[in-house]
Amino acid sequence: MASSHSSSPVPQGSSSDVFFKKEVDPAKHIRPVQSLPDVCPKEPTGDSHSLYVAPSLVTDQHRWTVYHSKVNLPAALNDPTLAKRESDFFTKTWGLDFVDTEVVPSFYLPQISKEHFTAYQQEISQREKIHERCKNICPPKDTFDRTLLHIHDKSRTDLEQVPKIFTKPDFALDDSLTFNSVLPWSHFNTAGGKGSRDAASSKLLQEKLSHYLDIVEVNIAHQISLRSEAFFHAMTSQHELQDYLKKTSQAVKMLRDKIAQIDKVMCEGSLHILRLALTRNNCVKVYNKLKLMATVHQTQPTVQVLLSTSEFVGALDLIATTQEVLQQELQGTHSFRHLGSQLCELEKLIDKMMIAEFSAYSHSDLSRPLEDDCQVLEEERLVSLIFGLLKQRKLHFLEIYGEEMIITAKNIIKERVINKISQIEEIDTDVVVKLADQMRMLNFPQWIDLLKDIFSKFTIFLQRVKATMNIIHSVVLSVLDKNQRTKELEEISQQKSAAKDNSLDSEVAYLTHEGLFISDAFGEGELAPVAMDTTSHRNASPNSDPCSSDSVSEPEGTTDSSPSKEHTSASGTTGDVDIMISEDVKLTDLELRKLANNIQELLCSASDICHDRAVKFLMSRAKDGFLEKLNSTEFITLSRLLEAFIADTERICGRKSMSLLGALQSQANKFVNRFHEERKTKLSLLLDNERWKQADVPAEFQDLVDSIADGKIALPDKKSASAEERKPAEVLIVEGQQYAVVGTVLLLIRIILEYCQCVDHIPSVTTDMLTRLSDLLKYFNSRSCQLVLGAGALQVVGLKTITTKNLALSSRCLQLIVHYIPAIRAHFEARLPPKQCSMLRHFDHITKDYHDHIAEISAKLVAIMDSLFDKLLSKYEVKAPVPSACFRNICKQMTKMHEAIFDLLPEEQTQMLFLRINASYKLHLKKQLSHLNVINDGGPQNGLVTADVAFYTGNLQALKGLKDLDLNMAEIWEQKR
């Protein structure tokens, strides 16, 4: 059996109790009292005093009794084991898939047997006998039904005579229509001499109504007569009923007294404690609610105070907390109905104020004097602004800072130029109005000093930007780290709560009042301070005062903490940034990482801005060809300055900017072209004026060559005093070998070293310099060949002839260049990128060309002597005197040849050259002897020829360096057949 909880009222306490808030309305919940008819009113039922103290349905109707319980008989009598499942309640409701399961007997219900009903049967046995006797007195049902049916038909016929209007439930004579229907006005109209007829009609109407009344009264009497036996039976049993009711009333009174005593002793105190606890909790809630309302009421003034001190984070936190309180804890409060919209407008205003404040901060930070101090300006202010902007998701503040960087970079160049020009008196600013034109009037030292000043200011500017970006980056990373830690704590708390839920006891307390649990009555008082502590800590304003006099407000001690105090307690350093981190910064990890990358990109963008402004500054100076006119030293100075600035910016920003590097490369290419053209033109002029005579070697060139021998390919900074005091030498000594050279080659060596030194100073032009140097060496080889071998010097310089000395000197100059090509190759190889090493093949080609040229010069010297032998020996005749005139001329020319080349060429080359000349001599002599039919037969002609040959051999071996020369003169004779 199930009892209904909703239909039974809760016991009502006294009027002084505050536990129950609602009064039971008897008119709504209690049915009107229906008392038994008093068929014998004159018979007393008891004295007045006993009736007053006895239980009464009127006085006790609002008290709950056991009779208020209801029983669902269909549910109790329903048998799920019926054979016909089609008519079963469960199969009709849940379908044919319903499976009957065995119901486990309850441990709390006792097993009921027939012995439990023995006392009840004994108690109602007397009543059962009376019931049987009454049933025998009543007539059989079928007889009663037939009699009743006959009487009912007769009464129905009589009642049909009565109009239906009298039987309507809404019959009322005060209704005009009903009154007119029952009493027509026509019966009461006496006008027109019809009084007698109307009187008769009225009398007839009265008789008709009387007849209707009689019919009704007869039917009523008949109905009463049919139930007369029941009335008499009720009258006879009235006394017995009165006795039973009196006993029952006394028993009920005793039972209620006992229950009242039990309630007073066992329940009233406990319930009173519960009521007091709930009342106290309600008072605490009301007090906290009022205190919260007072705090919320101070939100706008507090926000104004925070904004006046630029504490945007505290103001935003206070607005967010207040909005949360309005939506959750003060929702529907009439006095705060407009506060939410006002706070939204105030939040939008703070957004605009923060953007303006950050713009002003950026301007003041970047526009302050560029001294060596690179500290962050007002670090705490910056951290507060960044937190506020992140909280409001205003991520475009980096764009504002970037725009300010561009303006600052422009102003830096403008200020430094104005400052530099103001220090130079030669520039008349009244005549030259434009700043760019004034800047172009600076000479190179002044302009390079200006450029150094600009680069130094740019470096300080970038260091300041980097310091500011580091602070912003640290704030973003702190927020990101806070988000990750919050996620980890949430996961841990979820795991703990899940484990706690699994371990909770399933038993709960019974309901006491309006759905509250007894455990809630006590637990709410304990949990309320904790909840209020958390809420007030999150929702309190800076103006909230601690209430130390009230014990209830002790948990409110944390309400004094406010975002503004958190803000003021932050020191602005990276270690204290976590103090200002609020959970309201709802940026995702992806957005924060993207913002961190944008911060690094902004720093690199600052470097690009400085490089772009520097490029424009260079281009404005280069409009009049100033940069192209720089000499090597000046351009190297400029190049080193630019490369140092590029390296500094790369060190600061972590990425190399390419704009200034590209401009430097472009100017370097122009410089290389001009550098090469100048030296090529100079070499061409030197060759065109070269007379191919041996030149003296100044001491500085000898020192230069000696430095190359030590592995250092570089020009000396200035001439040494010892070199100026020493006299020039006749030859150039290179690694122990003597080189007789012309003046052009000495200058060519210096030019080659200038190329190598330029590569050291400007590494970016290594490939171009290698190509240009290869071109220069090829040009010297081809032009010297044209002038010497091609006899171009005859027309260019005006030489009478190209002598063997000119040829030998040219060969020795070429050999000197070939000697230094490997060192030049190694110098470039050490500075070329690995991918460009294939360009070194140019030196191999140049070496081959130089060797071919040297071989051609040697062949030319042999050809000169060959033509001389052909001319002299063709006229040779074997006759006296001995030596003949022909051989004397040959020996004379050989001596001249030796004198011309011996001091120029090394001994080994001289010997090899004379061996080739001797071979040519033997070939022509053999040809002439064959023509004269002179053979080695020991005859007179043979003797004359032998004497001439001996004279030739003796003279040749007498020359310096040719003593040990193997002439093998036997080859002049033809072999005997």
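Residues numbered from 1 in each chain as written. Predicted model: local features only at pLDDT ≥ 70, side-chain atom pairs only at ≥ 80, totals over all residues. Heavy atoms only, no water.

Selection criterion: UniProt positions are given in the numbering used here, feature names are shortened, and annotations may be inferred rather than shown by experiment.
As named in an unreviewed UniProt entry, the protein chain is Vacuolar protein sorting-associated protein 54, taken from Jaculus jaculus. Quoted verbatim from the Sequence similarities (unreviewed entry) field of UniProt, the annotation for the protein chain is "Belongs to the VPS54 family." Reading the Subcellular location (unreviewed entry) entry of the UniProt record for the protein chain gives the comment "Golgi apparatus, trans-Golgi network".

Some thoughts on the nonpolar core
Going by this rule: Throughout this description, the term nonpolar core refers to a set of buried Ala, Val, Leu, Ile, Met, Phe, Trp, Tyr and Cys residues connected via side-chain atoms within 4.5 Å. The classification of residues rests on relative accessible area computed with a 1.4 Å probe and restricted to protein chains. Under 20% of the type maximum is buried, over 50% is exposed, and intermediate values are partly exposed. Counting from the N terminus, the helices are DSSP H or I runs at least four residues long and the strands are E runs at least two residues long. In what follows, a contact means two residues having at least one pair of non-hydrogen atoms within 4.5 Å.
If you look at the biggest cluster of nonpolar residues, it comprises 199 residues, and the most contacted ones within it are Trp 447, Leu 451, Phe 828 and Tyr 921. Ranked by residue count, the leading element in this core is helix α16 (residues 444-503), at 20 residues. Excluding residues that lie within four positions of it along the chain, Leu 451 makes contacts with Phe 617, Leu 618, Leu 638, Leu 641 and Leu 642.

Details of the side chain of Asp 365
Cut-off, in case you're wondering: In protein, a polar contact means a hydrogen-donor-capable atom and an acceptor-capable atom, both N or O and within 3.5 Å, with residues adjacent in sequence counting only if both atoms are side-chain atoms; elsewhere, any N or O pair within 3.5 Å suffices.
With respect to the helices and strands, Asp 365 occurs in helix α12 (residues 339-367). Relative accessible area serves as the criterion here: at 0%, Asp 365 is assigned to the buried category. At a separation of 3.1 Å, a polar atom in the side chain of Asp 365 contacts the side chain of Thr 468. Each residue touching Asp 365, except ones within four places of it in the same chain, is listed here: Leu 377, Tyr 401, Arg 464 and Thr 468.

Observations regarding the packing of aromatic side chains
Aromatic rings considered in pairs are described by the distance between their centres and by the relative angle of their planes. How we decide: Two rings from Phe, Tyr or Trp (for Trp, the six-membered ring) form a pair when their centres are within 6.5 Å of each other. A pair whose planes differ by under 30 degrees is stacked, one over 60 is edge-to-face, and the rest are tilted. Placement of a charge over a ring requires the Lys NZ or Arg CZ to be within 6 Å of the ring centre, with the centre-to-atom vector within 35 degrees of the ring normal.
Under the counting rule described, the total for this entry stands at 15 aromatic pairs. Look at Phe 635 and Phe 671: their rings are 4.2 Å apart centre to centre, the planes differ by 5°, and that puts the pair in the stacked class. In this pair, Phe 635 is assigned in helix α20 (residues 632-653) and Phe 671 in helix α21 (residues 659-688), connecting sequence segments 36 residues apart. Judged by relative accessible area, which is 2%, Phe 671 ranks as buried. Its guanidinium or amino end placed over the ring of Tyr 244, Arg 127 lies 5.8 Å from that ring's centre, counting from NZ or CZ. A cation over an aromatic ring shows up here: Arg 812 above the ring of Tyr 739, its NZ or CZ 3.8 Å from the ring centre.

A few points about the packing of helix α27 (residues 804-829) against helix α29 (residues 885-901)
Keep this limit in mind: Fitted lines through C-alpha atoms serve as axes, helices being fitted only where they are in contact, and the angles separating the N-to-C directions of these axes extend from 0 to 180 degrees. Definitions for this section: a left-handed crossing has its near helix turned counterclockwise from the far helix by less than a right angle. A right-handed crossing has that turn clockwise. Amino acids outside the nonpolar list (Ala, Val, Leu, Ile, Met, Phe, Trp, Tyr, Cys, Pro) and the charged list (Asp, Glu, Lys, Arg) are all regarded as polar, and Gly is one of them.
The contact between α27 and α29 brings their axes to 9 Å, and the two run at 35°. Crossing angle aside, the handedness with which α27 passes α29 is right-handed. Mapping the contact onto sequence places Thr 804, Lys 805 and Ala 808 in α27 and Met 897, Ala 900 and Ile 901 in α29. Looking at the contact of α27 with α29 residue by residue, the class counts come to four nonpolar, one polar and one charged.

As for a nonpolar patch on the surface
Here is the rule we go by: Patch definition: residues with relative accessible area over 30% and no salt bridge; like charges joined within 9 Å; nonpolar side chains (Val, Leu, Ile, Met, Phe, Trp, Tyr) joined within 5 Å. All accessible areas in this document rest on Shrake-Rupley with a 1.4 Å probe, and a residue is counted as covered only by the protein chains that are shown. By salt bridge we mean one thing: a side-chain nitrogen of Lys or Arg within 4 Å of a carboxyl oxygen of Asp or Glu.
Taken together, the side chains of Leu 159, Val 216, Ile 220, Ile 224 and Phe 231 make up a nonpolar region of the molecular surface, amounting to roughly 420 Å² of accessible area. Among the elements that line the nonpolar patch, the one with the most residues is helix α8 (residues 195-226), at three residues. Of note, Ile 220 is situated in helix α8. Residue class for Ile 220 comes out partly exposed when judged on its relative accessible area of 45%.

As for the environment of Ser 920
Here Ser 920 shows up in helix α30 (residues 907-932). We classify Ser 920 as buried; its relative accessible area is 9%. Measuring from C-alpha to C-alpha, the distance between Ser 920 and Met 865 comes to 8.0 Å, with 55 residues separating the pair along the chain. Each residue touching Ser 920, except ones within four places of it in the same chain, is listed here: Asp 866 and Phe 869.

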